[in-house]
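# Residue-level structural notes
What follows is the residue order along each chain.
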Amino acid sequence: PERLNIIYDSKCSVCRWEVEFLDSVQKSNQQQQQQSLNTLPIRFTDLESTNGYDSTLPSNGGITYAQGMKSFHAVTSDGRVLHGVQVFREAYELVGLGWLWNWTVDAPWMGKVANVFYDLFARYRTDITRGSSVLELIRQYEEEGRTEAVLSFSVGEKKDVSCRSCEEKFADTLTNKS
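An account of the accompanying structure is given in this report. No experiment lies behind these values; they were computed from the predicted model shown. (Residues numbered from 1 in each chain as written. Predicted model: local features only at pLDDT ≥ 70, side-chain atom pairs only at ≥ 80, totals over all residues. Heavy atoms only, no water.)

## Here we look at the pairing of strand β3 (residues 73-76)
The condition is simple: With a 1.4 Å probe rolled over the protein chains alone, any residue whose accessible area is under 20% of its type maximum counts as buried; one over 50% counts as exposed, and the rest are partly exposed. Numbered from the N terminus, helices here are DSSP runs of H or I no shorter than four residues, and strands are runs of E no shorter than two. Being paired, for any two strands, means DSSP has found at least two bridges between them.
Of the two faces of β3, both are covered, the one formed by His73 and Val75 as well as the one formed by Ala74 and Thr76. Summarising the sheet, strand β1 (residues 4-8) and β3 pair through four bridges and their orientation is antiparallel. In the sheet register, Asn5 faces β3, and the bridge partner there is Val75. The pairing of β3 with strand β4 (residues 81-83) spans three bridges and is antiparallel. What sits directly across from His73, in β4, is His83.

## Brief notes about the pairing of strand β2 (residues 42-46)
For β2, the tally of buried residues reaches four of five residues, placing the bulk of the element in the interior. Two elements, β1 and β2, share five bridges in a ladder whose sense is parallel. Note that in β2 the partner of Ile7 across the bridge is Thr45.

## What to know about the layout of surface pockets
For the record, the criterion: Here a cavity denotes a set of grid points, spaced 1 Å apart and computed over the protein atoms alone, in which a 1.4 Å probe fits but from which it cannot get out, and a pocket denotes an open set meeting protein on both sides within 12 Å along at least five of seven lines; residues with an atom within 4 Å of a point are reported as lining. Grid points are joined across faces, edges and corners, and a volume is the space filled by probe spheres set on the points. We call Asp, Glu, Lys and Arg charged. Ala, Val, Leu, Ile, Met, Phe, Trp, Tyr, Cys and Pro are nonpolar, and the rest, Gly among them, are polar.
Roughly 200 Å³ of volume is contained in the second largest pocket. Counting residues per element, the ones that place at least two in the lining of the second largest pocket are α1 (13-32), α3 (85-94) and α5 (108-129). When residues in the lining of the second largest pocket are grouped by element, the largest group, four residues, is from α5. Here the lining of the second largest pocket is built from residues that sort into 11 nonpolar, no polar and one charged.

## Quick word on the sheet that holds β1
Convention followed: For helices, the axis comes from a line fit to the C-alpha atoms of the stretch in contact; other axes are also lines fit to C-alpha atoms, and the angle between any two N-to-C directions lies between 0 and 180 degrees. Working rule for contacts: check all heavy atoms of both residues, and any pair within 4.5 Å makes them a contact.
Strand order in the open sheet formed by four strands is β2-β1-β3-β4, with mixed pairing between adjacent strands. Edge positions in the open sheet fall to β2 and β4, since each of these has one partner strand only. The sheet shows a mean angle of 25 degrees between the axes of neighbouring strands, taken without regard to direction. Along the sheet, α1 makes contact with β1 and β2, crossing β2 at roughly 150 degrees.

## A few points about the pattern of salt bridges
The criterion, for reference: Whenever Lys or Arg places a side-chain nitrogen within 4 Å of a carboxyl oxygen from Asp or Glu, that contact is recorded as a salt bridge.
Per the stated rule, a full pass over the model turns up nine salt bridges. Note that Lys11 and Glu48 form a salt bridge whose closest N and O atoms lie 3.9 Å from each other. In this pair, Lys11 sits in the loop between β1 and α1 while Glu48 sits in the loop between β2 and α2 (65-70), placing the two residues 37 residues apart along the sequence. Classification of Lys11 by relative accessible area gives partly exposed; the value is 45%. The residue Asp23 makes a salt bridge to Lys27 at a minimum N-O spacing of 3.1 Å. Taken together, the positions of Asp23 and Lys27, both in helix α1 and four residues apart, correspond to about one turn of that helix. Connected through salt bridges with shared partners, the residues Asp9, Lys11, Glu48, Arg125 and Arg130 form a single ionic network.

Function-wise, these values are silent; they only describe arrangement.
Encoded structure:
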């Protein structure tokens, strides 16, 4: 299984570029080592997936859509949640390019500077890459009723179904089973 699950916003061109770069490096490394691509060290989970995003999955570490939109997050195989610059340090280490981020550890004051600049970028990244503030995108997500709900229930079981799509699926399931 993967050692790191990076949770990202695929509608952000900078985030998508970063994910595509890391994925191409890890796949190239696997091919050079003649290993199966089924055992890649990094998995990427898209907050904007058409299949929906489920924060309740253990691999997603409870990271909500709002948290994921505000900063890059990742979950390690042992369940630790990383965010911001920590994600890049860990991911680059896993693909053999850790030396690119060593300066953030070797000189702690540089790590603090990197965190400040990353936090500033994260705050305004969607304004630049998507034309809306992160708070506006979160509001739209919630308004559309897209939640991290999972449909795993049996007929007759009472569920708190909070998104419109899930409510419809829940109703359809009850109709089809009765």
